[in-house]
Structure formats: C-alpha cells, structure tokens
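Structural characterization, general
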Amino acid sequence: MYKYGRVLETWLAWSCSVNANVKGLLFYLTNCLANLHTTCPLDLLAAPVSSDCRYSMAPGHYSYSLDLHCHPDRQTSSPCLLCEPNALRLSHCNLSERSCDALSSVLNSVSSCLKELDLSNNNLQVSGAKFLSAALQSPHCTLETLRLRSCGLSEISCDYLAAALKSNPSHPSVLDLSGQYNNLQDSGVKQLCVLLENPRCRFETLRLWDCGLSELSCDYLAAALKSNPSHLRELDLSLNNLQDSGVQHLCGFLESPGCGLETLRLSYCGLSENSCDYLAAALKSNPTHLRELDLRRNYSLQDLDVKQLSDLQESPDYRLETLRLKDCDLSEISCDYLAAALKSNPSYPRVLDLSVDYSNLQDSGVKQLFTSRTDTQNKTKQNDYTTH
C-alpha cells in the first residue's frame, strides 16, 4: 500500500456521449478528489496499485476511465490515495453547453485544484462559453490552461471570456481558442485585447490559429501588447489571412524593449518578402528574446527573403534557436545564404526546417549546409537540419 500525491490527470474516454454522465463524473471529482487532503480507498481502483493506475466507472451502459498518474511514497503504509486533480481533458467527447454548466460548479468550488481544462472539439457554442465565463470570475478558480479549440465559438464568446477574466485576470496563463469552428474574427480579438492591456493579465501563451482573422487583429494585438508586453511568451496566429500589413503591425510590438516573446508562429498567413523585411528590421533592434520563428507554408517567400533573415545571424545577440521555412519557394541559393550565416554564428539556429514536398534545394544546396558544419569544426553537431 502506498501514499500517492501531486499529479492526477483525468481523462474522459472518447466513447462518452451523454452530458448527464459527464455531470456524474464531475460530481465524483468534486466530492472524492477535489481536495488535496481527500482520500479514497484503494479498492476503488480497477487495476493493482502502481505508478500508473486506472479507475473505471460505468454509470448505465456508458464507460469512463480515470487515469491516475501518481508518485508512490514508499515511506508510508497508508491504505489510501492522497490526490490532487489538476487536469481534466474532455476533447472529442460529443459534449454540449450542458456540460459547461456542470463544469462551472466544479471550477467555482472552494476545494477545486483544477489547473488544466481541455474541452476542444466539442460543440459548446456561445452558451457554453457563457457558463464557463461565469466560473472564471470566481476567486476560487485557479485554472492555468484553458483549451477550447473548434468548439463552435464566435466573437460573442470572446466578449464573455474577456468580461469574466477582467475580474480574475491572473488566470489562465494559457488560452487556446484555435480551430476552424471558432469563428472569432477581428471583433473577437479586439475584445480579448482589452484584457491583454490589463496590467494584471498574465497570459503567457495565446493560440488563435485558423480563427478567421485579418491584419486588423494584428493591429489590436500589437497595441495591447505594447502597453503590457512583459508576460506573453508564445503567440500563434497561423492559418489566418494576416498578409504583410498584419506582420508589420506585429513587428511594432517585437521592437518594443519590453517584449519577451519567445515563439511566434505565422505559418500559412499569405506572407511575402515584405514580411521578412519587417521581421528582420524588428529583430535587429531587439534580437535577444525570440527563440522560434515559424513561417511555414508562406508560398511567396523566396531566396532573397531568407537572406534577410540570415543576415541577422551576424549579430552577437542573435538567439533564434528554431527557424521553420517548410514549403516556401526556396532553392539552393537559400542554402548558400544560410551556410554563410552559420559560419559567422555556428551556434544558432539549432533547428532549421527547409523541408518541402517537392524540394528545389538540390544536392548542391544541402552540401553547402553541411560544409558550413565542417568548416566550423562541428560546433553545430547538436543542431538539427531538416531538408527533406
């Protein structure tokens, strides 16, 4: 018999389909596991006690499973589990707004320890977001990660979320509203940006890929982040038609001395060589923070654009560790530019993605890259170059 603590990850099986049963599961969580000091008998477990135990419960003919990822403490012989539920993942579970109503009561609970909630790929709609927003206002809510990908949300959902988080802006730190079924549009992002301007806002990760956004969203985001730039570390705006004018707005934020952004994802955003000009100029003025730049599937980017980015490596403050240019219109000339840059600064980038379905880099281009590694006496031997 062991004492267990610290990490409990709850997973609802894909096969579930009735919201009432979700409520039953949540009742169990609230009453049995929602407090760090709550214990539950070991005979509830459907598997022998181990560091990876599974508990199954079957109300009616529907089946759920709880995966308990626990760390045994062999210094005790307690016959009970000491649990702290911190993650509830209910993706692809055919849930509706009724489940959000049940979840709201859990998040409002004084004893709630829930840190991560993933309801992605469920048809929650605006009313579901409204229920969750009511819970987010609670001072008892300590949610750190909220994922609502492809949940049928609209710009009205952003109104509810922004209004709720104004009263409790320090949570969550990770917000993911991505997905083609979340038609947030620019007006929705504008509402979120009011929240971003709040000095108490602690967003570290904001993912809004494929949300029907345009360059206007970049304008709103840049203005908000200039006024409160220090916390955001990851911004994903991929699969939105931002165009070069949108990137120009974002670069105004990247140039800000308070900008601490480490990851910027702009794949499939309809960018051209102008975007590379803006990015290169911004990173020259503030080169130390950005660690990953994703420009994949911007089909108009060409060799001269790679040169703009490669010239940045000459700066001693250059710290970009990952550069992704998959499916851009590059040739072996791009490899020449990159190879020359690597000779002057062989430590960065560590991950270089030039892969493409029909590569035009040719053998001579790849040879240039690997020649640069030899010439620098294998200083980049830990680096990952992807060219296929």
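Residues numbered from 1 in each chain as written. Predicted model: local features only at pLDDT ≥ 70, side-chain atom pairs only at ≥ 80, totals over all residues. Heavy atoms only, no water.

**Observations regarding the overall build of the chain**
To keep it simple, the criterion reads: By definition, any uninterrupted DSSP run of H or I lasting at least four residues is a helix, any uninterrupted run of E lasting at least two residues is a strand, and each is numbered from the N terminus. Buried residues are those whose accessible area, probed at 1.4 Å on protein chains only, stays under 20% of the maximum for their type, while exposed residues exceed 50% and partly exposed ones sit between those limits. Residue contacts are defined here by distance: any two heavy atoms, one from each residue, within 4.5 Å place the two residues in contact. Only the protein chains shown count as cover for residues, and the accessible areas themselves come from Shrake-Rupley with a 1.4 Å probe.
Looking only at helices and strands, the chain has 11 helices and 18 strands in total. Residues counted as buried form 52% of the 388 residues belonging to the chain. Taking the intrachain contacts of the chain between residues at least 6 apart in sequence as the baseline, contacts between residues at least 24 apart amount to 87%. Of the roughly 17,000 Å² of accessible surface on the chain, 47% is carried by carbon and sulfur atoms.

**Quick notes on the packing of helix H2 (residues 97–107) against helix H3 (residues 125–136)**
Counted only if it meets this: Axes here mean lines fitted to C-alpha atoms, for a helix over just the part in contact, with angles spanning 0 to 180 degrees between N-to-C directions. Comment on the angle field: the value is read as roughly parallel under 35 degrees, roughly antiparallel over 145, roughly perpendicular from 65 to 115, and oblique elsewhere. Under the scheme applied here, ten amino acids are nonpolar (Ala, Val, Leu, Ile, Met, Phe, Trp, Tyr, Cys and Pro), four are charged (Asp, Glu, Lys and Arg), and all others, including Gly, are polar.
Closest axis-to-axis distance for the H2/H3 pair is 8 Å, and the angle between their directions is 5°. One way to sum up the angle between H2 and H3 is to call them roughly parallel. Residues Glu97, Cys100, Asp101, Leu103, Ser104 and Leu107 of H2 lie in contact with H3, whose contacting residues are Ser127, Gly128, Phe131, Leu132, Ala134 and Ala135. Considering only residue class, the contact of H2 with H3 consists of 7 nonpolar, 3 polar and 2 charged.

**Some words on the side chain of Ser104**
Tracing the backbone through its elements, the reader meets Ser104 in helix H2. For Ser104, a relative accessible area of 8% gives the class buried. Beyond its immediate sequence surroundings of up to four residues, Ser104 is in contact with Phe131, Ala134 and Ala135.

**So, the pattern of salt bridges**
Where we set the bar: Only one rule defines a salt bridge in this text: a Lys or Arg side-chain nitrogen within 4 Å of an Asp or Glu carboxyl oxygen.
Evaluation of the coordinates by the stated rule reveals 14 salt bridges. Among the ionic pairs, Arg147 bridges to Glu116, the shortest N-O distance being 2.8 Å. Here Glu116 lies in strand E9 (residues 116–118) and Arg147 lies in strand E10 (residues 145–147), a separation of 31 residues in the sequence. Owing to a relative accessible area of 14%, Glu116 belongs among the buried residues under this scheme. Of the charged contacts, one joins Arg149 and Asp176 as a salt bridge, the two residues approaching to 2.4 Å between their closest N and O atoms. Remark: Asp176 occurs in strand E11 (residues 174–176) and Arg149 occurs in the loop between E10 and helix H4 (155–167); sequence separation between them is 27 residues. Exposure remark for Arg149: the relative accessible area of 28% places this residue in the partly exposed category. Under the relative-accessibility criterion, Asp176 is labelled buried at 0%. The structure contains a network of salt bridges with shared partners spanning Arg207, Glu234, Arg265, Glu292, Arg324 and Asp353.

**Side note on the packing of aromatic side chains**
Keep this limit in mind: Aromatic pairs are defined between Phe, Tyr and Trp rings, using the six-membered ring for Trp, whenever the two ring centres lie within 6.5 Å; interplanar angles under 30 degrees are classed as stacked, those over 60 as edge-to-face, and all others as tilted. Charges are assigned to positions over rings by a cutoff of 6 Å between ring centre and Lys NZ or Arg CZ, combined with an angular limit of 35 degrees from the ring normal.
Tallied over the entire structure, the rule returns 1 aromatic pair. The side chain of Lys307 reaches across the aromatic face of Tyr337, ending 5.9 Å from its centre.

**Focus: the packing of helix H9 (residues 303–310) against helix H10 (residues 332–344)**
At a closest axis distance of 8 Å, the pairing of H9 and H10 adopts a crossing angle of 10°. By the angle between their directions, the pair H9 and H10 is classed as roughly parallel. Between H9, through Asp303, Leu304, Val306, Lys307 and Ser310, and H10, the contact on the second element is made entirely by Ile333, Ser334, Tyr337, Leu338 and Ala341. Here the contact of H9 with H10 is composed, by residue class, of 6 nonpolar, 2 polar and 2 charged.

**Considering the nonpolar core**
What counts, and what does not: For the purposes of this section, nonpolar cores are sets of buried Ala, Val, Leu, Ile, Met, Phe, Trp, Tyr and Cys residues that join through side-chain atoms within 4.5 Å.
Residues Leu119, Leu177, Leu208, Leu237, Leu266 and Leu295 are the most contacted members of the largest nonpolar core, which totals 85 residues. Those residues in contact with Leu208 that lie beyond four places of it in its chain are Leu177, Ser178, Leu184, Val189, Leu192, Leu213, Asp236, Leu237, Ser238 and Asn240.

**As for helix H8 (residues 273–285)**
Using the following cut-off: What a helix should span is 1.5 Å times the count of its residues minus one. The arc in question is formed by the directions pointing from the helix axis toward the C-beta atoms.
The terminal C-alpha atoms of H8 lie 19 Å apart, and with 13 residues this matches the ideal 18 Å at 1.5 Å per residue to within 8%. Looking at H8, one finds that the buried residues are Ser275, Cys276, Leu279, Ala280, Ala282 and Leu283. Take H8 and look down its axis: the buried residues cluster within an arc of 165°, on one side only. Those residues of H8 that are buried are in contact with helix H7 (243–254), strand E14 (263–265), strand E15 (292–294) and H9.

**Quick word on a nonpolar patch on the surface**
We apply this condition: Each patch is built from residues lacking any salt bridge and having more than 30% relative accessible area; the joining distance is 9 Å for like charges and 5 Å for nonpolar side chains (Val, Leu, Ile, Met, Phe, Trp, Tyr).
A surface patch of nonpolar side chains, amounting to about 310 Å² of accessible area, comprises Leu239, Tyr268 and Tyr299. Positionally, Tyr268 belongs in the loop between E14 and H8.

**Re the environment of Leu119**
By the element assignment, Leu119 lies in the loop between E9 and H3. Owing to a relative accessible area of 1%, Leu119 belongs among the buried residues under this scheme. For the pair Leu119 and Leu88, spaced 31 residues apart in the sequence, the C-alpha separation amounts to 8.6 Å. Excluding anything up to four places from it in sequence, Leu119 contacts Leu90, Leu95, Cys100, Leu103, Leu124, Leu132, Arg147, Leu148 and Cys151.

**Quick notes on the side chain of Gln313**
With respect to the helices and strands, the residue Gln313 is situated in the loop between H9 and strand E16 (322–324). With residues up to four places along the chain from it excluded, the contact list for Gln313 reads Tyr318, Leu338, Ala341, Leu342, Ser344, Asn345, Tyr348 and Pro349.

**Digging into helix H6 (residues 215–227)**
With 13 residues, H6 extends 19 Å from end C-alpha to end C-alpha; this agrees with the ideal 18 Å at 1.5 Å per step. Regarding H6, the residues found buried are Ser217, Cys218, Leu221, Ala222, Ala224 and Leu225. The inward-facing, buried residues of H6 contact helix H5 (185–196), strand E12 (205–207) and H7.

**Some details on unusual backbone geometry**
Phi at Gln125 is positive, roughly 60°, even though this residue is not glycine. Structurally, Gln125 is set in helix H3. Unlike most non-glycine residues, Gln243 shows phi in positive territory, near 60°. Along the chain, the position of Gln243 falls in helix H7. On the accessibility criterion, Gln243 (36% relative accessible area) is partly exposed.

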